[in-house]
Amino acid sequence: MNKVLLIINPKAGKAKSEKYVSKIINNLKENNYDVVLEYTTIEEDAPEIVAKYKDIENIIVWGGDGTLLGALQGLSITNKKPKIAFIPMGTTNDFAKSLKISFDKLDVSKNLNSYEIKEVDLGKCDSDQFNYVVSMGLFSRASYKTSRKWKNRIGKAAYYINGIKELFNYKTYKLKITSKEKNIEDDFLYGSVSNSKYMGGFPIYRKKDVELDDGKFEVLLVKEPKHLYSTIILIIKILTGNLEDKHICYFKTEEIEIESIDGIDLSIDGEYGGKRKKFKISNLRKQTKYLVPVKI
């Protein structure tokens, strides 16, 4: 039998995993898989769990983008490249939407043998690996400062409430951007380096050609308009996929270096990435193997 490691974040998806676990395990066994079940805890999160099972070639992650990030970090310890399947149970699930992963909780366990391998670019921020985004400035803190209690209670609205609070108490950052495509030094209220069609649940790049395996990141830098009203209008434009504005700098790159005189807090796949003054983000093309539904 093939062996599969099933990692479950029991707090994800309003803590509704338990009623599906036995069904998922039974489905996998019927498809000739020997299941190793592990739950994330404070003492043993996804990186530690993955690091324990160095020889398993199939991993299924049940949770949000943060749980998936943890599994990826565990793989950086083992230096292995198993195939990863994902059962998205987070609040926004940006990466899952970009990969067109099924939101049917039982689909993976029923159809894992018919899933196809999708090689996806891997991100690296200094020594930290990530799946799809490093963001900074306005709204980026909402992803890791919003409590799980409120995310489970009201879903995406919890992020939006915190984001609105930030809108009335934000600051700009003097950033020096260095890349092969552009060199910029200016004040920005927001910045992101991503490999995703969705950001914060919004299809920001729906009008852009975004591929998850092209070796390129999408870079979005936003300057501050003069008035709060103009800032709100600008944000609405971005959230609706309109990136044509004098305050917006958008380009693609495979590597970028960012400097901030005072240091800037980073959000890495929605988790706190520390305060940094200088960091380099690199694209490692097609370095992760995801199992995704076959396109019909």
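Our structure's up above, just so we're on the same page.
Predicted model, so just to flag it, every value in this text is computed and none were measured. (Residues numbered from 1 in each chain as written. Predicted model: local features only at pLDDT ≥ 70, side-chain atom pairs only at ≥ 80, totals over all residues. Heavy atoms only, no water.)

**Thoughts on the side chain of Asn195**
The line we're drawing: Put simply, DSSP H or I for four residues or longer makes a helix, DSSP E for two residues or longer makes a strand, and each gets a number counted from the N terminus. Only protein chains enter the calculation, and the probe is 1.4 Å; a residue is then buried if its accessible area is under 20% of its type maximum, exposed if over 50%, and partly exposed in between. A 3.5 Å cut-off defines polar contacts: any pair of N or O atoms within that distance qualifies, except that in protein one atom must be a possible hydrogen donor and the other a possible acceptor, and neighbouring residues in sequence count only when both atoms are side-chain atoms. By definition in these notes, contact holds between two residues if any of their heavy atoms fall within 4.5 Å.
With respect to the helices, strands and loops of the structure, Asn195 is situated in the loop between strand E10 (190-194) and strand E11 (217-222). Look at Asn195 and you get buried, because its relative accessible area is 0%. A polar contact of 3.2 Å, which involves the side chain of Asn195, links it to the backbone oxygen of Leu212. With residues up to four places along the chain from it excluded, the contact list for Asn195 reads Phe95, Val120, Asp121, Asn131, Tyr132, Glu211, Leu212, Lys216, Phe217 and Glu218.

**Quick notes on helix H1 (residues 18-30)**
The condition that has to hold: Within this analysis, the arc is defined by the directions that extend from the helix axis to the C-beta atoms.
If you check which residues of H1 are buried, you get Tyr20, Val21, Ile24, Ile25, Asn27 and Leu28. The buried side chains of H1 occupy one side of the element, clustering within an arc of 165° when seen end-on. Exposed positions of H1 whose direction lies more than 90 degrees from the buried face are Lys19 and Glu30. Those residues of H1 that are buried are in contact with strand E1 (2-8), strand E2 (33-39), strand E3 (58-63), strand E4 (83-88) and helix H5 (107-111). Following H1 by one or two positions, Asn32 has its phi on the positive side, about 70°.

**With respect to the pairing of strand E14 (residues 271-292)**
Two faces make up the sheet, and in a regular strand the side chains alternate between them. Selection criterion: Pairing between strands is defined by DSSP: at least two bridges between them are needed.
Where E4 lies against E14, 2 bridges are found, and the strand directions are parallel. Note on E14: the bridge partner recorded for Ile84 is Tyr290. In terms of strand pairing, strand E5 (residues 116-125) meets E14 through 9 bridges, oriented antiparallel. In the sheet register, Lys124 faces E14, and the bridge partner there is Ser282. Relative to E14, strand E13 (residues 255-268) runs antiparallel, the two being bridged by 9 bridges. Its bridge partner being in E14, Ile264 is matched across the sheet by Arg276. Adjacent in sequence and paired antiparallel, E13 and E14 are bridged by 2 residues, among which Asp269 carries a positive phi angle near 50°.

**With respect to the pattern of salt bridges**
What counts, and what does not: A pair is scored as a salt bridge if a Lys or Arg side-chain nitrogen falls within 4 Å of a carboxyl oxygen belonging to Asp or Glu.
All told, the structure shown has 12 salt bridges when counted by the stated rule. For Glu38, the salt bridge identified is with Lys52, shortest N-O distance 3.2 Å. Linking Glu38 in strand E2 with Lys52 in helix H2 (residues 46-52), this pair joins segments that are 14 residues apart in sequence. The exposure class assigned to Glu38 is buried, which follows from its relative accessible area of 13%.

**Comments concerning the nonpolar core**
Definition in use: Only buried Ala, Val, Leu, Ile, Met, Phe, Trp, Tyr and Cys residues count toward a nonpolar core, and they belong to the same one when joined by side-chain atoms within 4.5 Å.
Counting residues in hydrophobic clusters, the biggest one holds 37 residues, and the most contacted among them are Leu99, Leu220, Ile238 and Tyr290. Other than its neighbours up to four places away in sequence, Leu220 contacts Tyr190, Gly191, Ser192, Tyr205, Ile238, Leu243, Ile248 and Cys249. Core analysis: the next-biggest nonpolar cluster, separate from the first, contains 23 residues, Phe130, Val193, Leu221 and Phe279 among them.

**So, the packing of aromatic side chains**
Stated formally: Two aromatic rings from Phe, Tyr or Trp, using only the six-membered ring of Trp, form a pair when their centres are within 6.5 Å; if the ring planes differ by under 30 degrees the pair is stacked, by over 60 it is edge-to-face, and anything between is tilted. Put simply, a charge is over a ring when the Lys NZ or the Arg CZ is close to the ring centre, within 6 Å, and near the line of the ring normal, within 35 degrees.
Per the stated rule, a full pass over the model turns up 5 aromatic pairs. Ring geometry for Phe130 versus Phe217: centroids 5.8 Å apart, planes at 20°, classification stacked. Separated by 87 residues along the polypeptide, Phe130 in strand E6 (residues 128-130) and Phe217 in strand E11 bring together distant segments of the chain. Above the face of the Tyr198 ring, Lys97 is positioned so that its terminal group lies 5.7 Å from the ring centre.

**Focus: the environment of Leu75**
Within the secondary structure layout, Leu75 lies in helix H3 (residues 65-78). What makes Leu75 buried here is its relative accessible area of 9%. Along the sequence, Leu75 and Gln129 sit 54 residues apart, while their C-alpha atoms lie 9.7 Å from each other. Beyond its immediate chain neighbours, meaning those up to four positions away, Leu75 contacts Val50, Ile59, Lys80, Pro82 and Ile84.

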